[in-house]
Amino acid sequence: MGKASSQKQSRREMIEKMQRDQARQDKRRTMLIVIASIVVGLAIIAYPAIRLIQDSRTKNQAVTDFGVAASAASCDAPTNDEGGGTQDHRPDGEKIAYPVSPPSSGPHYAVWAPFGKKFYTVDDRPPVENLVHNLEHGYTLMWYRDTLPKDQIDEIEKISKAKLPDGSMGKFIAAPFKESDGKPWPDGKTVAFSHWSAPQSDNKSFGHRQFCGSVSGESLQQFLDKYPASDAQEPNGG
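Remember, predicted model here, so these are calculated numbers, not experimental data. (Residues numbered from 1 in each chain as written. Predicted model: local features only at pLDDT ≥ 70, side-chain atom pairs only at ≥ 80, totals over all residues. Heavy atoms only, no water.)

Moving on, we come to the confidence of the model for the chain. Averaged over the chain, the pLDDT score is 88; the fraction of residues at 70 or greater is 90%. Segment residues 49–53: pLDDT under 50, and two contacts once partners within four positions in sequence are set aside and those in other chains are kept. (pLDDT = per-residue confidence, 0-100. Contact = heavy atoms within 4.5 Å.)

Here we take up the state of the cysteines. As enumerated under the stated definition, the model contains one disulfide in all. In this model, Cys75 is linked to Cys212 through a disulfide, with the two sulfur atoms separated by 2.0 Å. Across the S-S bond linking Cys75 and Cys212, the dihedral sits near 105°, which makes this disulfide right-handed. Highlighted residues: Cys75 in the loop between helix H1 (2–59) and strand S1 (81–82) and Cys212 in strand S7 (residues 206–212), separated in sequence by 137 residues. Overall, Cys212 belongs to the buried group, its relative accessible area being 0%. (Disulfide = S-S within 2.5 Å. Helix = DSSP H or I, 4+ residues; strand = E, 2+ residues; numbered from the N terminus. Buried < 20%, exposed > 50% of the residue type's maximum accessible area, 1.4 Å probe, protein only.)

Okay, the layout of surface pockets next. Roughly 170 Å³ of internal volume is contained in the second largest pocket. Arg145, Asp146, Thr147, Phe177, Lys178, Glu179, Gly182, Lys183, Pro184 and Trp185 are the residues that line the second largest pocket. Per-class residue counts for the lining of the second largest pocket are three nonpolar, two polar and five charged. (1 Å grid on protein atoms, 1.4 Å probe; cavity = no way out; pocket = protein on both sides within 12 Å on 5 of 7 lines; lining within 4 Å. Points joined across faces, edges and corners; volume = space filled by probe spheres on them. Nonpolar A, V, L, I, M, F, W, Y, C, P; charged D, E, K, R; others polar.)

Before going further, it helps to spend a moment on the pattern of salt bridges. Here the structure, examined in full by the defined rule, presents eight salt bridges. A salt bridge links Lys150 to Asp154; its shortest N-O distance comes to 2.9 Å. Residue Lys150 and its partner Asp154 are located together in helix H3 (residues 150–161), separated by four residues, close to a single helical turn. (Salt bridge = Lys/Arg side-chain N within 4 Å of Asp/Glu carboxyl O.)

Time to look at the sheet that holds S7. Pairing in this open sheet of five strands is mixed, and the strands run S1-S7-S6-S4-S5 from one edge to the other. Looking at the sheet topology across the chains shown, the edges are occupied by S1 and strand S5 (172–177). Where strand S6 (residues 191–196) meets S7, six bridges bridge the pair, whose relative direction is antiparallel. Opposite Ala192, over in S7, you have Phe211 as the bridge partner. With respect to the sheet, helix H2 (residues 128–136) is in contact with strand S4 (140–145), S5 and S6, its orientation differing from that of S6 by roughly 55°. Its contacts with the sheet put H3 on S4 and S5, and the angle it makes with S4 is roughly 170°. (Pairing = 2+ DSSP bridges. Axes fitted to C-alpha atoms, helices over the stretch in contact; angles between N-to-C directions.)

At 3.6 residues per turn, the α-helix brings residues three or four places apart onto the same side. For helix H4 (residues 217–226), every residue scored as buried is listed here: Gly217, Ser219, Leu220, Phe223 and Leu224. The buried residues of H4 occupy an angular sector of 155° when the element is viewed end-on, so they sit on one face. (Arc of directions from axis to C-beta.)

Counting residues in hydrophobic clusters, the biggest one holds 21 residues, and the most contacted among them are Met142, Ile156, Ile159, Phe172, Phe193, Val215 and Leu220. Counting only elements with at least two residues in this core, the list comes to S4, H3, S5, S6 and H4. Not counting the four nearest positions on each side in its chain, Leu220 is found in contact with Thr140, Met142, Ile159, Phe172 and Phe193. Core analysis: the second largest hydrophobic core is formed by 18 residues, Ile96, Leu135, Ala175 and Trp196 among them. (Core = buried A, V, L, I, M, F, W, Y, C linked by side-chain atoms within 4.5 Å.)

If you want it as structure tokens, here you go:
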């Protein structure tokens, strides 16, 4: 009996030890979960705050502070495309085949892209035909290839939030251009600016495009200075 009692005691002690060990493991696991939850929660709270601080700093910087210098951007000279299509509003959903890529004038949808939004990605960009309507009202569009690396797209987003020259009147949008959106661009060009100028004395108007091989806020500013928002079909619109 003594031996049996001893064995029972040993089993009981072993079970109790296993229970204590399990309890300690459960407690450690619970603490790790709590700590991880706190860290994730703080990160979720901190990320918007960090973005707000970064955006605030960016708003006080000129567009020329971002991207490469104009001399290193491999930009072509601006084009003079024959303009047309003012008030030529087409039904939403109709695919318009523009003669130049990206378009610098032409028929468009009756509704323009929101005036307050200056940066789009492939996930939220409106149709090209909406954005062409913005050109009619003095906007300059900065098109970028949708295949650009993320760091360069991030730089473009910063440009869209930075201080634009006064002549732009804040009328600027950066948006991706997909291969299916129009004719191919020149080889090696990843960014293009477009603007639709006002009618000349002979009642002709021109659209303008400038292709660059690299993201350059300085090149953008030069284009904006050359083609201000007041030089447009309907500059007071929007």
